[in-house]
Structure formats: structure tokens, C-alpha cells
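# Structural characterization, general
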Amino acid sequence: MIYDLLVYNIGQLILPKYSPKPLKGQEMKVLQVMENAAFAVLDGKIAWYGTDKESKTMSAKHRMDGGHKVVSPGLVDPHTHLVFGGSREHELPMKQAGLSYLEILAKGGGILSTVEATKLATEDELVRKASFHLERMISYGVTTIEAKSGYGLERETELKQLRVIRRLQEKYPAEIVSTFLGPHAVPSCYKGKEDDFIDEMIGLLKEIKQEKLASFADIFCETGVFSLGQSRRYLQKASELGFGLKIHADEIDPLGGAELAVDLGAASADHLVAASDEGINRLSKSDTVAVLLPGTTFYLGKDHYAKARALIDRGAAVAIATDFNPGSCVTENLQMIMSLAALKLKMTAEEIWNAVTINAANAIGKGKEAGTLEIGQQADFVLWDVPNYRYIPYHFGVNHAEYVYIGGRKIWG
Ligand code: NIG
Ligand code: FE
């Protein structure tokens, strides 16, 4: 057998457990790490892995020295707001003056200010801008990404954002999973008529399904945004139409979003900073992935982080994500989020790696395809310029990725 690529002399090969269901609780504490390893790629797929010694007798068209460093599956970022117009650095002084996220939103800033900028941008401009951010994510080792709409809040601009995501899917080898987040904020003309807005978004769901423009539906369930009842009605309809479900749940107030996510069998409940004890217990008994976003808590300047320890210790499946967006978490760097997971969520290195690979993949319905280096899977992997896998959460704020490969081809580094 002559392989296309053989990567040898790998100090540590990270092999999260292949699992089409998320790893829960104690399972997250286990991470298979093979020392002095090698692996081979054929036709863009993982064809073999084993010891470095075994690899010496193998033939391959290309051989790559792993430099005794670390190789992992490509990271998965399961929650991003990748496509938007403009930016919001002008709001930083308001934050510094003590205005909260919801107060800035209530003044017509925040999400609503990005909605204006996204409306004004052409589809081509949005593709260019999102490409810039996407390339940066890839450079940080991410090969599978979820991307949401949600900066249109009306038909034309929401569809424009989803078409941008489709163009990015065609343009890049990275896997991009598309989510419709029409109910992301209440447009000013619908204040007090939120139910009518939900009806309009439900109407749009049908069109999006027909055009196959998104796999998931999401909603911002929060005080001053959409109520639990409105969220239930919208998500139930989305489920009937065949969408996978996600929910921005219990970020600021404990409205019961976590419980709703479990009731409806959502793929994930995201944020959960204020999730109730009951919500945590319900998640722990379910396969709904708790997608935690510590970068957002950090960027909003809050002291209380999501209760990752309670979630994992009681048996829940946890993933982490950037929540990359122009307002509440302005970074493409998932490695930085791994550091925050260690420092603020008190997650172990093993839990963190499972949270950015196999569990993140399961949070976006890609548990069979991404997040592991199983034989037969697409060869998406990263060579990290670090001495061991614990080093990445430890040394924060910089890029440790040396090479990023998708389908066995180098796309960065
Ligand atoms: O996940 N919480 C709501 N939505 C985003 C923020 C979007 C924005 O501020 O532009 C979030 O944090
Ligand atoms: Fe978000």
C-alpha cells in the first residue's frame, strides 16, 4: 500500500473517542493520547494510525516529520455569528461607562446596530468580510464551523446572510454548518408585537427549508428579547419542519431555556451562564449538548461563568465555542477560549479537548464526520507547535497551530 501522506514522529497524537453521541460527564474526562505516533492519509481520508516505529516500513508519496509535536483532529467551533456588516468598537465606551449588554440593545445599539450595517452591505461585501474572519478561524486550527444568520430580522437580509454562508461553504474546504437565527432580537417596529414577529419568522422557516439554506434553527430566549413561550412555539415549528434545534438559553436571566432545550430534544443549549439547578439537572440527563461560551462572559466583563463543573460532574455533555460576533465576543481564536475554559470554567485539559472536538461536532450534528481521527474519516488535522496537549490551554492568547490540513491537504501554515 502506498499512502498519499504519512505523518511520523508525532510526540502526542490526540484521539478523542469516536462517538456519534456526545460524551457525557465522566466520559469527558477520558482522552486517548498516543505517544510516539504516526498516521497515514489516503484519498483525503485517515487510512491508518499506529506507532512511529511501525510507520518506518510504510510507503507514502509524501512524508511529514511531526517534529515530536502534537497532532489533533481539526477543531470544531459549534457557535459563531460569522456573517455580519460593520463593527461596534464605538460601543466600547458605553460598556466602560457601565451600560449592560441589554441596556445597549434597548438603546438601539448592540445587535440592532449590526442589523443596520448588515442590511446596508451587499452580498459580495459580506462574503469578503466573513472570508477574512473564517480564514483567521482556520488559521487557529478550526476545520468545522457553525455559522448563524440573525443580523437581518427580516426576510431579505436573513436570506442574504444564509446565501453568504452557502457561498462560503462552496468557497472553502472547511465544513460550515448553517443555522437560521431570525429571532435574534426584536426589531423596533415589532416592539410589543413579538408574537407577530415570531409568526413571520416561522413563515420564513418554511422558505429556508425549501431552499435548504440552513440545517438548524436558533432563537435568543432572554428577558427583553423572546420569552420562553415564544421560543417554544418557534422551535416546535422548526422541529416539525425538520430543523435541528439550538437555543441561546439562560445567558443573562434563568428563564428556563435549558429545560426547554431538553424538552424539545435540541442538539444544544448555548450560554447557560444563569441556568437554574433544575436546568443543569435536566441537561445532565439528556443528550442535549451544553455549549459554553466563556469568551462572551469574559468580554461582557462578568464575574460569574457558566457552571461547567456542575454540568460535567452531574453527567452533562459540554462543548465550548467562541460565539464569535461583533458585540459580545470579538475573537476568532478558539485556543483562547480553551484557556478561558481552563481558568474560568475549571475544566481539565482532557475535558477541554473533548469539548472542542467530538462534543462540539455532536452539538452541530457532525459527530459521525468530525472531531476525531477515526479510520475512514476525512483527514482534518492540526499540527500544534507545542510539547504536549496540556500546553495549549496553559499558554494563552497566541496561535499554536503550525499547519492545518483539511481532507489531507494543507490549507494553512
Ligand atoms: O451569542 N446573545 C445573543 N447573541 C449573541 C451576540 C450577538 C451580538 O451582540 O451581536 C451572543 O452573545
Ligand atoms: Fe451567540
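Residues numbered from 1 in each chain as written. Chains lettered and ligands numbered in written order. Predicted model: local features only at pLDDT ≥ 70, side-chain atom pairs only at ≥ 80, totals over all residues.

## Concerning helix α13 (residues 334–343)
- Of all 10 residues that make up α13, nine are buried, and the element is covered over most of its length.
- Residues L334, Q335, M336, I337, M338, S339, L340, A341 and A342 constitute the buried set of α13.
- Residues of α13 that are buried in the fold lie against β6 (75–77), β7 (142–148), α11 (294–299), β14 (317–320), α14 (349–355) and α16 (391–394). (Buried ≥ 20, exposed ≤ 12 C-beta atoms within 10 Å, placed from the backbone. Helix = DSSP H or I, 4+ residues; strand = E, 2+ residues; numbered from the N terminus. Contact = placed C-beta atoms within 7 Å.)

## Quick look at the site of ligand 1
- Neighbouring ligand 1 are 13 residues; I111, D323, N325, G327 and S328 lie closest to it.
- Here the shell around ligand 1 is built from residues that sort into three nonpolar, eight polar and two charged. (Near = placed C-beta within 6 Å. Nonpolar A, V, L, I, M, F, W, Y, C, P; charged D, E, K, R; others polar.)

## Concerning the pairing of strand β17 (residues 409–412)
- Sheet topology note: the strand β16 (residues 401–406)/β17 ladder contains three bridges and is antiparallel. Residue Y405 lies in a different strand from β17, and its bridge partner there is K410. (Pairing = 2+ DSSP bridges.)

## As for the UniProt feature "binding site: N-formimidoyl-L-glutamate" (unreviewed entry) in the chain
- According to UniProt, the positions carrying the feature "binding site: N-formimidoyl-L-glutamate" (unreviewed entry) are Y151, N325 and G327. Considering the C-alpha atoms alone, the annotated residues occupy 177 residues of sequence yet fold into one spot, their largest mutual distance being 11.8 Å.
- Assignment of secondary structure puts Y151 in the loop between β7 and α6 (155–171).
- Classification of Y151 as buried rests on a count of 30 C-beta atoms within 10 Å.
- Looking at where G327 falls in the secondary structure, it is placed in the loop between β14 and α13.
- The class of G327 is buried, set by 23 C-beta atoms lying within 10 Å. (UniProt positions renumbered as here; feature names shortened; annotations may be inferred.)

## So, the packing of helix α7 (residues 194–210) against helix α8 (residues 228–240)
- Orientation of α7 relative to α8, taken along the N-to-C sense of each, is 10°, at an axis distance of 10 Å. By the criterion of interaxial angle, the relationship of α7 to α8 is roughly parallel. Here E194, D195, I198, M201, I202 and L205 of α7 come into contact with α8, specifically with Q230, R233, Y234, K237 and A238.
- For the contact of α7 with α8, the residue count by class is six nonpolar, one polar and four charged. (Axes fitted to C-alpha atoms, helices over the stretch in contact; angles between N-to-C directions. Parallel < 35°, antiparallel > 145°, perpendicular 65-115°, else oblique.)

## Some thoughts on the packing of helix α5 (residues 123–139) against α6
- Relative orientation of the contacting elements α5 and α6 amounts to 55°, with a least axis distance of 9 Å. By the angle between their directions, the pair α5 and α6 is classed as oblique. When you trace α5 past α6, the crossing you get is right-handed. Taking contact as the criterion, the partners of E123, L126, V127, A130, S131 and L134 in α5 are, on α6, K160, Q161, R163, V164, R167, L168 and K171.
- The residue inventory of the contact of α5 with α6, partitioned by class, reads six nonpolar, two polar and five charged. (Left-handed = near helix turned anticlockwise from the far one by under 90°.)

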